[in-house]
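Take a look at the letters that make up each chain.
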Amino acid sequence: MSIAKRIIPCLDVKDGITVKGTCFVSLREAGDPVELGKAYSQAGADELVFLDITASHEGRKTFTDIVSRVAEEVNIPFTVGGGIGELSDVERLLNAGADKVSINSAALRRPQLINEIARRYGSQVCVCAIDARFVESGAGGDGSWECYLNGGRLPTGRDLFEWAHEVQERGAGEILFTSMNHDGTKQGFANDALARLSDELSIPIIASGGAGTMEHFRDAFALGHADAALAASVFHFGEIPIPTLKRYLQSEGINVRI
């Protein structure tokens with residue numbers, strides 16, 4: 001039996017409220033992160049991700065008090081990201097109840113941070129989030145995936161796959177890959193890119209961006225070879241209940257925890 005695939009709701013939090021947008025813009029409110037986190041934990045989510053989505057852009061730290069309140073209500077692994085730039089930030093969030101931290105902009109700016117977190121706390125604590133946009137080049141339809149930082153605001157010139165290999169080599173325990181092209185579109189995950197990441201790397205890959213139907217989750221696992229699938233709006237707005245999704249995936253031959 002293969003390792004069970006994970007279903008992970010994501011709380012994108014801005015000013016203390018859970019929000020969701022499309023392609024990283026046009027945000028709308030989705031509710032209280034503490035209540036949502038509690039509901040997902042009770043509904044059978046395998047993990048929970050909390051991202052303070054404007055912390056890096058606004059040059060501040062993640063809101064520790066909200067993290068603490070969410071942590072008190074959940075009994076599943078809890079990953080927190082946003083505004084993490086040094087080991088003291090990791091320490092503060094772990095003390096607030098996080099099990100893992102997700103770093104993105106800070107890792108691109110100073111890759112050594114990945115090594116430092118892995119050495120101090122272990123690779124399992126370090127999730128490296130990568131936001132990338134596919135840009136077509138030429139009439140043949142080929143192109144490349146470019147990494148972005150500050151919540152998808154700044155292009156870096158770094159190639160997704162090159163950066164993912166470096167992230168693994170530096171000691172990250174997982175990669176959370178979000179396709180900016182697919183985010184919030186509900187048209188399915190970036191399965192080709194997911195499959196390449198999953199096949200080339202040995203650490204788990206979390207799929208993010210594009211979930212709209214239960215079939216999209218199935219395809220992320222069956223075609224994209226992802227280890228976990230993360231989504232927000234389809235869970236926040238009650239479009240896909242997690243127990244229903246897991247029963248469907250099980251019926252499709254995907255190994256999930258029921």
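Each remark here, short or long, concerns the structure printed above.
What you see is a predicted model, and the numbers here were worked out from it, not measured in a lab.

**Some thoughts on the packing of aromatic side chains**
Using the criterion set out here, one finds six aromatic pairs in the structure. Between F50 and F78, the aromatic rings sit 6.4 Å apart at their centres with planes inclined by 90 degrees, giving edge-to-face as the arrangement. Here F50 is found in strand β4 (residues 48-52), whereas its partner F78 is found in strand β5 (residues 78-81), with 28 residues between them in sequence. The two residues F50 and F78 agree in class, both being buried. Three or more aromatic residues link up through ring pairs in this structure, and these residues are Y40, F189, F217 and F235. A cation over a ring is seen here: R133 above Y148, with NZ or CZ 5.4 Å from the ring centre. Here R196 stacks its cationic end above the ring of F161, 3.7 Å away from the centre of that ring.

**Here's the deal with the pattern of salt bridges**
Scanning all chains against the criterion turns up 16 salt bridges. E174 serves as the salt-bridge partner of K100, at 2.7 Å between the closest nitrogen and oxygen. Here E174 lies in strand β10 (residues 174-179) and K100 lies in strand β6 (residues 100-103), a separation of 74 residues in the sequence.

**Remarks on unusual backbone geometry**
The backbone of K186 shows a phi angle near 60 degrees, a positive value even though the residue is not glycine. Positionally, K186 belongs in the loop between β10 and α8 (191-200).

**Section: the nonpolar core**
If you look at the biggest cluster of nonpolar residues, it comprises 73 residues, and the most contacted ones within it are I117, L160, F177, F217 and F235. The greatest single-element share of this core, amounting to five residues, is contributed by helix α7 (residues 160-170). The residues contacting F235, other than those within four sequence positions of it, are I7, I8, P9, Y40, F217, I240, I242 and L245. Among the nonpolar cores identified, the runner-up in size contains 10 residues, and V49, L51, L176 and I206 belong to it.

**Regarding the pairing of β10**
Counting buried positions over the six residues of β10 gives six, a clear majority of the element. Two strands pair when backbone bridges link them, and strand β7 (residues 126-136) and β10 are joined in this way by six bridges, in the parallel orientation. Its bridge partner being in β10, I130 is matched across the sheet by F177. Here four bridges tie β10 to strand β11 (residues 205-208), and the two strands are oriented parallel to one another. Bridged to F177 within β11 is A207. Chirality of the crossover, the property in question, places the unit of β10, α8 and β11 among those that are right-handed.

**Let's talk about the side chain of E166**
Along the chain, the position of E166 falls in helix α7. Classification of E166 as buried rests on a relative accessible area of 18%. Filtering out sequence-adjacent residues up to four positions away, E166 remains in contact with P111 and R158.

Reading the values: rules and limits
- Residues numbered from 1 in each chain as written.
- Predicted model: local features only at pLDDT ≥ 70, side-chain atom pairs only at ≥ 80, totals over all residues.
- Heavy atoms only, no water.
- Phe/Tyr/Trp six-rings, centres within 6.5 Å; stacked < 30°, edge-to-face > 60°.
- Helix = DSSP H or I, 4+ residues; strand = E, 2+ residues; numbered from the N terminus.
- Buried < 20%, exposed > 50% of the residue type's maximum accessible area, 1.4 Å probe, protein only.
- Lys NZ or Arg CZ within 6 Å of the ring centre and 35° of its normal.
- Salt bridge = Lys/Arg side-chain N within 4 Å of Asp/Glu carboxyl O.
- Core = buried A, V, L, I, M, F, W, Y, C linked by side-chain atoms within 4.5 Å.
- Contact = heavy atoms within 4.5 Å.
- Pairing = 2+ DSSP bridges.
- Right-handed = clockwise from strand over helix to strand, strands pointing away.

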